[in-house]
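For reference, the chains in residue letters:
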Amino acid sequence: MAETVVSWSSPAAFVGVVLRRQTYKNLLYLLIAFPLGIIYGSVLTIGLVFGLVFAVVLVGIVVLVGVVIAARGLAGIERWLANALLRVELRAPTDVDATGEGPIHSAKGYLDAPSTWRGLGFLSVKFWIGVVGLVLLVFLVRALELVLTPVRYPSTVEFGELNEQPLVWSIETLPEAGLAAVVGLVGGLVVIHLINGVGYVSEQIAGALLDGVDDRSTAEQSRQ
């Protein structure tokens, strides 16, 4: 991952971000991060709440264990997505003790594996990555609206609310449309650089929490 994430050292580097293939991979990664984060959060929250409520009986414990193990499968999806869209090469974890037999031993092996809990941690962070990505994508759409104003004015671009009052820019004339296009172009490039920055942060988090390493010896030492 030697490529510079944010390079504003020259106008060519600043504008050239739109020509990088990785830029659009980062865009796609953030585009799907928010809905995936909601799905992960809903599944894990419902499962954990249900399991805790019924933890006094066997079914609650089974649900809790099942949710934690299911998180490994979701983490596997995230590992695949990261390898496909980010500049990482994450390996599948190899720290599950599969030497015994029976469902109880298998469940214990998953619960003892550090990769299980790292994956659960990544799924918890995924929602917030999605939130940041969604905000940046909204800003990018607004920037594109400004860039297109010379061919669609008069128009009004809304930027949200301040003190419950909408923030709008009413563009009525060609000079205003030209100014809006310049502002949108510069602002859009800045947002794209920020998106690449979030992509870089996502790579680091994925590398720390999803990359499979053999922690079996460490886990065994902690139990001794």
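Rules used throughout
Residues numbered from 1 in each chain as written. Predicted model: local features only at pLDDT ≥ 70, side-chain atom pairs only at ≥ 80, totals over all residues. Heavy atoms only, no water. Axes fitted to C-alpha atoms, helices over the stretch in contact; angles between N-to-C directions. Helix = DSSP H or I, 4+ residues; strand = E, 2+ residues; numbered from the N terminus. Parallel < 35°, antiparallel > 145°, perpendicular 65-115°, else oblique. Left-handed = near helix turned anticlockwise from the far one by under 90°. Contact = heavy atoms within 4.5 Å. Patch = residues over 30% accessible without salt bridge, like charges linked within 9 Å, V, L, I, M, F, W, Y side chains within 5 Å. Areas by Shrake-Rupley, 256 points an atom, 1.4 Å probe, with all protein chains shown as cover. Salt bridge = Lys/Arg side-chain N within 4 Å of Asp/Glu carboxyl O. Phe/Tyr/Trp six-rings, centres within 6.5 Å; stacked < 30°, edge-to-face > 60°. Buried < 20%, exposed > 50% of the residue type's maximum accessible area, 1.4 Å probe, protein only. Expected span 1.5 Å × (residues − 1). Bend = angle between axes of the 7 residues up to and from the residue. pLDDT = per-residue confidence, 0-100.

Draft legend 1. How the structure looks around the packing of helix α3 (residues 58–85) against helix α5 (residues 114–147). Two elements in contact, α3 and α5, have axes whose closest approach is 8 Å; the angle formed by their N-to-C orientations is 65°. Put simply, α3 runs roughly perpendicular to α5. Of the two possible hands of crossing, α3 and α5 adopt the one that is left-handed. The residues of α5 that touch α3, namely those facing Val-68, Ala-71, Arg-72, Leu-74, Ala-75 and Glu-78, are Ser-115, Thr-116, Trp-117, Gly-119, Leu-120, Phe-122, Leu-123 and Lys-126.

Draft legend 2. The arrangement of a nonpolar patch on the surface in detail. Among the surface-exposed residues, Val-49, Phe-50, Val-53, Phe-54, Val-56, Val-57 and Val-59 lie close enough to one another that they form a single nonpolar patch of about 610 Å² accessible area. For Val-57, the location among the structural elements is in the loop between α2 (21–53) and α3.

Draft legend 3. Quick look at the packing of aromatic side chains. Applying the stated criterion to the full structure yields 3 aromatic pairs. With centroids separated by 6.0 Å and ring planes inclined at 35°, the aromatic side chains of Phe-34 and Phe-127 adopt a geometry described as tilted. Here Phe-34, found in helix α2, pairs with Phe-127, found in helix α5; they are 93 residues apart in sequence, far enough to count as distant. Overall, Phe-34 belongs to the partly exposed group, its relative accessible area being 24%. Residues Phe-127 and Trp-128 carry aromatic rings whose centres are separated by 5.0 Å and whose planes lie at 80° to one another, so their mutual orientation is edge-to-face. Residue Phe-127 is classed as partly exposed on the basis of its relative accessible area, which comes to 28%.

Draft legend 4. Representation of α5. Counted at 1.5 Å a residue, the expected span for α5 with its 34 residues is 50 Å, and the 48 Å between its end C-alpha atoms agrees. In α5, a bend of some 25° at Val-125 exceeds every other bend along the element.

Draft legend 5. Summary view of the environment of Ala-70. By the element assignment, Ala-70 lies in helix α3. Taking the C-alpha atoms as reference points, Ala-70 and Leu-44, 26 residues apart in sequence, are found 8.9 Å from one another.

Draft legend 6. The arrangement of the pattern of salt bridges in detail. Scanning all chains against the criterion turns up 5 salt bridges. One salt bridge connects Arg-87 with Glu-203, and the closest N-O pair in it is separated by 3.0 Å. Of this pair, Arg-87 sits in the loop between α3 and α4 (103–112) while Glu-203 sits in helix α6 (residues 174–209), placing them 116 residues apart in sequence. On the accessibility criterion, Glu-203 (1% relative accessible area) is buried. The closest approach of N and O atoms between Arg-91 and Asp-211, which form a salt bridge, is 3.1 Å. Taken together, the residues Arg-91 in the loop between α3 and α4 and Asp-211 in the loop between α6 and α7 (216–223) connect sequence positions 120 residues apart. Arg-91 gets classed as partly exposed once you look at its relative accessible area, which sits at 47%.

Draft legend 7. Representation of the confidence of the model for the protein chain. Across the protein chain, the average pLDDT comes to 84, with 87% of residues at 70 or higher. Averaged pLDDT values for the elements of the protein chain fall to 48 in α7 and rise to 92 in α6. pLDDT under 50 marks residues 1–6. Its contacts with residues more than four places away, or in other chains, come to 15 contacts.

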